[in-house]
There are 2 protein chains.
Amino acid sequence: MERQHISTAFDIELNDLKQSILVMGGKVELMIANSVKSLVDRDTALAERTIALDHEVNTAEVAIDERCMELLALRQPAARDLRFITMALKIVTDLERMGDQCANIAKRAREINSEPPLKPYIDIPRMAHRAEMMVKEALDAFVRGDADLAVKVCKDDSSVDDLNTQIQRELLTFMIENPMTISLGMKLNYISKSLERIADHATNIAEMVIFMVKGKDIRHTIA
Amino acid sequence: MERQHISTAFDIELNDLKQSILVMGGKVELMIANSVKSLVDRDTALAERTIALDHEVNTAEVAIDERCMELLALRQPAARDLRFITMALKIVTDLERMGDQCANIAKRAREINSEPPLKPYIDIPRMAHRAEMMVKEALDAFVRGDADLAVKVCKDDSSVDDLNTQIQRELLTFMIENPMTISLGMKLNYISKSLERIADHATNIAEMVIFMVKGKDIRHTIA
């Protein structure tokens, strides 16, 4: 009975941990969408709000780290639960760094909004949308232990990489044709690379989920 | 007596864990030095060897992760030891991603070596040397629990950031003056940014060390 009681309390604690990670993830997803929206809509106030949100993401990382260590110390979990908590420790670091990337995108958007636009942005919002979906699905895969969804996220990464390569080539063409656009082109290039890094972080999370579920490490094996 | 015995065996295990991390770190330091050396010396064979070394770094991450989970499950550590092992889990992820950056630098060096040189490289090797020192000192700070050394690493990061900004400005000037150099300039820009990211990873490790030693979280407070 006592064992059962402890197990149930622990289940609730693990569920709370999952929820905290999803809430943190939701903030990061909002930051991805809004950092690029602040560029597309030339909305500097939105860029400022996105930069401010990064503090909440940072605070969430510290709180979840502490919670994981408390659970490891107090509950001394084994097997699956142990793997889940050690993964949570790594996942929140990825989420926090995604937040940093979004803040960087918003800072660049703030600079770009004070210059005349180069051309309508089509591929960058598309890239942002895919990266945001990858983060959402990677976290869903984590809390549900859904390896199939995690595999999908890993596969989706190549489409974001392709968009990044395409954007970089296009910007290069603009810059060669008109050196006046080099400074702006490099900022847009930076934004594109930041989105690609966000997608990489989502892929890292998805690879860890597959490892957690299947007990098999596919990290460093997917090209 | 039994407790004492367990404690001693555990100390040896923790020490082995530290050694594994230092060995992994040594490989990353070599990758930093050699990726940039392959650029400066236009040594494509060295670039290839550096890319190959990344596999060893990836394998080391997986092995250390597994070891940490074994120690958490079998030894059920508390307080300081628990914090040390959870930090080790995060640190090896940073080291593995530094390895990825070095492989990317070596790949760019391989491309650049087939084109005529832009100008002698001075700041990029300087940046690489500082980044390598930061990694070494961050890991020394970790295994020794030396918060002062970790603080130094955090401070050193700004000098790498400054070098990166300076290199980017200089490359921009070259590219504006001569659009023929844009493609090469962007590759060098990428290398500079990769080195800056490596220094960021070292800073992340150093911040965690300060947290581990002082039980105080300075992450996200150092500008």
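Residues numbered from 1 in each chain as written. Chains lettered and ligands numbered in written order. Predicted model: local features only at pLDDT ≥ 70, side-chain atom pairs only at ≥ 80, totals over all residues.

1. Some remarks on the overall build of chain A
As a reminder, the rule being used: Each helix is a run of DSSP H or I of at least 4 residues and each strand a run of E of at least 2, with the numbering of both proceeding from the N terminus. Three classes are used. A residue is buried when 20 or more other C-beta atoms lie within 10 Å of its own, exposed when 12 or fewer do, and partly exposed in between, with C-beta atoms placed from the backbone. By definition, residue pairs are in contact when their C-beta atoms, positioned from the backbone, come within 7 Å.
Per the secondary structure count, chain A includes 6 helices and 0 strands. When its helices and strands are written in sequence order, chain A yields α-α-α-α-α-α. Of all 223 residues assigned to chain A, the portion counted as buried reaches 43%. Put simply, 79% of the contacts in chain A that link residues at least 6 apart link residues at least 24 apart.

2. Examining the confidence of the model for chain A
All names here are of chain A. Our working definition: Per-residue confidence from the predictor is reported as pLDDT, which spans 0 to 100.
The predicted model of chain A has a mean per-residue pLDDT of 90, with 93% of residues at 70 or higher. By mean pLDDT, helix α1 (residues 2–40) is the weakest element of chain A at 89, and helix α4 (residues 123–144) is the strongest at 96. Two summary scores accompany this predicted model of the complex, namely pTM at 0.85 and ipTM at 0.79.

3. Brief notes about the interface of chain A and chain B
Heads up, the rule is: For this classification, Asp, Glu, Lys and Arg are treated as charged, while Ala, Val, Leu, Ile, Met, Phe, Trp, Tyr, Cys and Pro are nonpolar and the rest, including Gly, are polar.
At the interface, 23 residues of chain A touch 23 residues of chain B. Residue assignment for the side of chain A that touches chain B shows that the elements contributing at least two residues are α2 (44–75), α3 (79–112), α5 (147–177) and α6 (182–214) of chain A. The leading source of residues in the side of chain A that touches chain B is α3(A), at 6 residues. For the side of chain A that touches chain B, the residue count by class is 13 nonpolar, 6 polar and 4 charged.

4. Topic: the nonpolar core
Nonpolar side chains tend to gather and get buried jointly when the protein is soluble and globular. So the rule is basically this: By definition, a nonpolar core groups buried Ala, Val, Leu, Ile, Met, Phe, Trp, Tyr and Cys residues that connect through C-beta atoms lying within 7 Å of each other.
If you look at the biggest cluster of nonpolar residues, it comprises 120 residues, and the most contacted ones within it are A:A131, A:A138, B:A131 and B:A138. Here B:A131 is in contact with B:I32, B:V160, B:L195, B:I198, B:A199 and B:A202, once residues within four sequence places are set aside.

5. Regarding the relation of the copies chain A and chain B
Short version of the rule: Residues reaching a pLDDT of at least 70 in both copies supply the C-alpha atoms on which the copies are superposed by least squares.
The transform that puts chain A on chain B rotates by 180 degrees and translates by 0.0 Å along the axis, for an RMSD of 0.0 Å. As the rotation angle and translation indicate, the two copies are arranged about a two-fold axis. By residue overlap, the copies meet face to face through one surface: 100% of the interface positions of chain A are interface positions in chain B.

6. Section: the environment of A:L46
Topologically, A:L46 is positioned in helix α2. When the C-alpha positions of A:L46 and A:S35 are compared, they lie 7.5 Å apart, and in sequence the two are 11 residues distant.

7. Details of the packing of α3(A) against α6(A)
Residues and elements named next belong to chain A. The line we're drawing: A fitted line through C-alpha atoms serves as each axis, taken over the contacting stretch for helices, and the angle formed by two N-to-C directions is quoted from 0 to 180°. Throughout, the term roughly parallel applies to angles under 35 degrees, roughly antiparallel to angles over 145, roughly perpendicular to angles from 65 to 115, and oblique to all others.
The contact between α3 and α6 brings their axes to 10 Å, and the two run at 170 degrees. The orientation of α3 relative to α6 falls into the category roughly antiparallel. Residue composition of the contact of α3 with α6, by class: 13 nonpolar, 5 polar and 8 charged.

8. Observations concerning the packing of α2(A) against α3(A)
All names here are of chain A. Note the cut-off: Crossings are classed by handedness, with left-handed meaning an anticlockwise turn of the near helix from the far one by less than a right angle and right-handed meaning a clockwise turn.
The N-to-C vectors of α2 and α3 enclose an angle of 170 degrees; their axes lie 9 Å apart at closest approach. The angle between α2 and α3 falls in the class roughly antiparallel. As α2 packs across α3, the resulting crossing turns out to be left-handed.

9. Considering unusual backbone geometry
All names here are of chain B. One non-glycine residue, R42, adopts positive backbone phi at about 50 degrees. Notably, Q76 is not glycine yet its phi reads approximately 40 degrees, a positive angle. Relative to the helices and strands, Q76 resides in the loop between α2 (44–75) and α3 (79–112). What makes Q76 partly exposed here is the crowd of 15 C-beta atoms within 10 Å.

10. Brief notes about the environment of B:K18
Residues and elements named next belong to chain B. Topologically, K18 is positioned in helix α1 (residues 2–40). C-beta crowding within 10 Å serves as the criterion here: with 16 such atoms nearby, K18 is assigned to the partly exposed category. Taking the C-alpha atoms as reference points, K18 and V209, 191 residues apart in sequence, are found 13 Å from one another.

11. With respect to the environment of B:Y121
Residue and element names in this part refer to chain B. Looking at the secondary structure, you find Y121 in the loop between α3 and α4 (123–144). For Y121, a count of 18 C-beta atoms within 10 Å gives the class partly exposed. In the structure, Y121 is positioned 82 residues away from L39 in sequence and 8.7 Å away in space, judged by C-alpha atoms. Setting aside chain neighbours within four positions, we find Y121 in contact with L39 and V40.

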